[in-house]
Amino acid sequence: MDLTLSSEERDIRDWVRTFVTKELMPLEQQVLTRERRGERGVTEAEHTALQDKARASGFFGIQTPESHGGMGLGAVMSALIAVELGRTFVPFRFAGEADNILFSANEEQQERYLTPTIEGTKRSCFAITEPGAGSDARAIRTSARREGDDWVISGEKTFITGGNEADFVMVFAVTDKEKGADGGVTCFLVDRDMGWKSEPIDTMGEWGPAALVFDDVRVPHTAILGEEGRGFELAMQWIGKGRYMLPAGALGACERLVEMGMEWARNRSTFGKPIAEYQAIQWMVADSATEIEALRWLVLTAAWQVDNGIDSRQAQSMAKLYGGVKANEIVDRVLQMHGGMGYTRELPVERWYRELRLLRIYEGTDEIQRRTIARNLLKGHASVRGHLG
Ligand SMILES: Cc1cc2nc3c(=O)[nH]c(=O)nc-3n(C[C@H](O)[C@H](O)[C@H](O)COP(=O)(O)OP(=O)(O)OC[C@H]3O[C@@H](n4cnc5c(N)ncnc54)[C@H](O)[C@@H]3O)c2cc1C
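If you're wondering where the values come from, they're calculated on a predicted model, not measured in any experiment. (Residues numbered from 1 in each chain as written. Predicted model: local features only at pLDDT ≥ 70, side-chain atom pairs only at ≥ 80, totals over all residues. Heavy atoms only, no water.)

Student: Looking at this structure, how should I read the overall build of the chain?
Tutor: A count of helices and strands for the chain gives 11 helices and 10 strands. The C-alpha radius of gyration of the chain comes to 22 Å, within 12% of the 21 Å expected for a compact globule of 389 residues. Expressed as a percentage of the 389 residues in the chain, the buried residues total 48%. Taking as baseline every contact in the chain between residues at least 6 positions apart, the subset at least 24 positions apart corresponds to 71%. Of the roughly 19,600 Å² that the chain leaves accessible, carbon and sulfur atoms contribute 51%. (Helix = DSSP H or I, 4+ residues; strand = E, 2+ residues; numbered from the N terminus. Rg over C-alpha atoms; globule rule 2.2 N^0.38 Å. Buried < 20%, exposed > 50% of the residue type's maximum accessible area, 1.4 Å probe, protein only. Contact = heavy atoms within 4.5 Å. Areas by Shrake-Rupley, 256 points an atom, 1.4 Å probe, with all protein chains shown as cover.)

What follows is the structure, encoded as structure tokens:
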């Protein structure tokens, strides 16, 4: 069993670590100040300049295949990068990425959607959730009816990340009511100028998703992504990717938060000595560090399974569940260690507290991950002995 990184993995990880430390962390105070004024923490132009800087060192399209101009890095490397990026709350993503399911687009669609998304000239969003169908995604009601060579889409989507800014949407609609999610849901690629509308939703996070309305939006048959009726599988494929990447980002945030907590505890004195000397505080540090280590191996195991073509669904659900639960416990402990200052907007702890809360909800709630994990075990698809058997 070898739990070490190769020298190439270490080099890439270290480059990202330096980039985060030198280019992103210095912006943190400015991000907090702007967000308090209700502005974006990083402007579009600033974000593009940062992406260009990274691109000049070859960091473009982390998971995009080399055939499409990307780095084509695997899941473990991508997770290690997400951990480093998670160490700051400055919003940043490397350029050159596209939704995994867009790679199954046909040649014409790739030219129209995939390539511009990789190049950053078009933005996408992924829309399955509806006001009446979140965890129960099979219950979607947005429909698409065939009219000659066209399809006419009607319905409402909600909580769509990037839906306010997107140029096109990957929208999931029922095309065969009888079959429903078992062969009757289709994914369509729909440009904003084909007629769908978006409305921002205010959340406790610093950025808001959107509600999307499709009021008889007419699209050509060629707008279908993949095969007619096979949309639900595409949706599950899209969601699957986040189950190790999201907790990887949270892991980075937890590392940084605990470091901040320890720094604070060494310097804050009560009753004549630093609070770091009290067992109550030490246990918070010890529990958090142990949980961070456990989360690291859950995330890396899931990613390693993806890289090795092993069915990783159980490991991914465990990483997502544990990451969501533990990241929230850890940020809460770190806020507690800071006392009243943790509750203020002068420090970024409360910002992380709000942001990390989302991890327990989107791309499969805690309860849905538990349901998946338990079902896999009870049906015999997975064993409590784990991957090693
Ligand atoms: C900020 C944000 C961004 C998002 N981005 C996107 C996006 O880009 N695209 C997209 O399509 N969706 C997106 N979502 C939607 C997200 O995936 C859903 O909110 C999530 O799946 C939960 O669905 P729901 O909100 O309808 O809650 P519900 O499904 O109504 O669940 C309510 C509660 O009941 C629990 N519950 C439900 N069913 C069960 C069960 N069988 N057993 C036990 N407990 C259960 C849930 O865990 C939850 O606690 C986003 C959501 C948010 C908040």
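Student: Can you help me understand the nonpolar core in this one?
Tutor: Generally speaking, a soluble globular protein has its nonpolar side chains buried in company with each other. One finds Ile81 and Phe94 to be the most contacted residues of the largest nonpolar core, which totals 56 residues. Looking at this core, the elements that each hand over two or more residues are helix 1 (7-24), helix 2 (28-36), helix 3 (44-56), helix 4 (75-86), helix 6 (231-267), helix 7 (279-307), helix 8 (313-337) and helix 10 (349-357). Shared between two domains, this core holds at least three residues of each, these being domain 1 (7-100) and domain 3 (242-379). What Phe94 contacts, discounting residues up to four positions off in sequence, is Trp15, Val16, Phe19, Gln51, Ala54, Phe59, Ile62, Ile81 and Leu85. If you look at the next biggest cluster of nonpolar residues, it comprises 27 residues, including Leu102, Phe126, Ala181 and Phe232. (Core = buried A, V, L, I, M, F, W, Y, C linked by side-chain atoms within 4.5 Å. Domains from an automatic or database assignment.)

Student: How should a nonpolar patch on the surface be read in this particular structure?
Tutor: On the surface, Met1, Leu3, Trp297 and Leu388 cluster together to form a nonpolar patch covering roughly 540 Å² of accessible area. Tracing the backbone shows Leu3 in the segment before helix 1. (Patch = residues over 30% accessible without salt bridge, like charges linked within 9 Å, V, L, I, M, F, W, Y side chains within 5 Å. Salt bridge = Lys/Arg side-chain N within 4 Å of Asp/Glu carboxyl O.)

Student: Hey, could you run me through the UniProt feature "domain: Acyl-CoA dehydrogenase/oxidase N-terminal" (unreviewed entry) in the chain in this one?
Tutor: Mapped onto the present numbering, the UniProt feature "domain: Acyl-CoA dehydrogenase/oxidase N-terminal" (unreviewed entry) falls on residues 7-120. Split by type, residues 7-120 is 57% helix and 0% strand. Its first and last C-alpha atoms lie 31 Å apart. (UniProt positions renumbered as here; feature names shortened; annotations may be inferred.)

Student: I keep staring at the domain arrangement of the chain and nothing clicks. Help me out?
Tutor: A common way to report how large an interface is uses the accessible area buried once the components associate. Taken domain by domain, the chain consists of domain 1 (7-100), domain 2 (103-229) and domain 3 (242-379). On a C-alpha basis, the centroid separation for the pair domain 1 and domain 3 is 21 Å. Contacts between the two partners involve 19 residues from domain 1, matched on the other side by 22 residues from domain 3. Taken together, both faces of the contact between domain 1 and domain 3 bury some 1,700 Å²; the carbon and sulfur share is 58%. Summed over the shared surface of domain 1 and domain 3, the number is 4 salt bridges. (Buried area = accessible area lost by both parts, 1.4 Å probe.)

Student: Would you mind showing me how to read the site of the ligand here?
Tutor: By nearness alone, 18 residues border the ligand, and Thr129, Ser135, Phe159, Thr365 and Glu367 come closest of all. Contacts to the ligand include Ile128, whose backbone N or O atom sits 2.9 Å from an oxygen atom. One of the side-chain N or O atoms of Thr365 is found 2.7 Å from an oxygen atom in the ligand. Starting from 970 Å² of accessible surface for the ligand in isolation, the protein chains cover 65%. In terms of residue count, helix 11 (residues 366-378) provides more of the shell around the ligand than any other element does, 3 residues in total. Looking at the shell around the ligand residue by residue, the classes come out as 10 nonpolar, 5 polar and 3 charged. (Near = heavy atom within 4 Å. Polar contact = N/O pair within 3.5 Å; in protein donor to acceptor, adjacent residues only side chain to side chain. Nonpolar A, V, L, I, M, F, W, Y, C, P; charged D, E, K, R; others polar.)

Student: Please clarify how the packing of aromatic side chains should be interpreted in this entry.
Tutor: A ring pair, where both rings are aromatic, is described by two values, the distance of the centres and the angle of the planes. Summed over all chains, the structure comprises 12 aromatic pairs. Between Phe19 and Phe94 the ring centres are 6.0 Å apart and the planes differ by 40°, which places this aromatic pair in the tilted class. Residue Phe19 is found in helix 1, and its partner Phe94 is found in the loop between helix 4 and helix 5 (107-119); the two are separated by 75 residues along the sequence. For the pair Phe19 and Phe94, a shared accessibility class is recorded, and that class is buried. Aromatic pair Phe59 and Phe94: ring centres 5.6 Å apart, planes at 35°, arrangement tilted. (Phe/Tyr/Trp six-rings, centres within 6.5 Å; stacked < 30°, edge-to-face > 60°.)

Student: Looking at this model, I keep getting lost on helix 1. Mind explaining?
Tutor: For an α-helix, 3.6 residues make a turn, and residues three or four places apart therefore share a direction. Its 18 residues give helix 1 an end-to-end C-alpha distance of 25 Å, which sits within 8% of 26 Å, the value for a rise of 1.5 Å per residue. Restricting attention to buried positions, one finds in helix 1 the residues Ile12, Arg13, Val16, Phe19, Val20 and Leu24. All buried residues of helix 1 project into a common sector of 120° when viewed along the axis, lining one side. Along helix 1, the residues that are exposed and aim more than 90 degrees away from the buried face are Ser7, Asp11 and Lys22. Where the residues of helix 1 are buried, they touch helix 2, helix 3 and helix 4. (Expected span 1.5 Å × (residues − 1). Arc of directions from axis to C-beta.)

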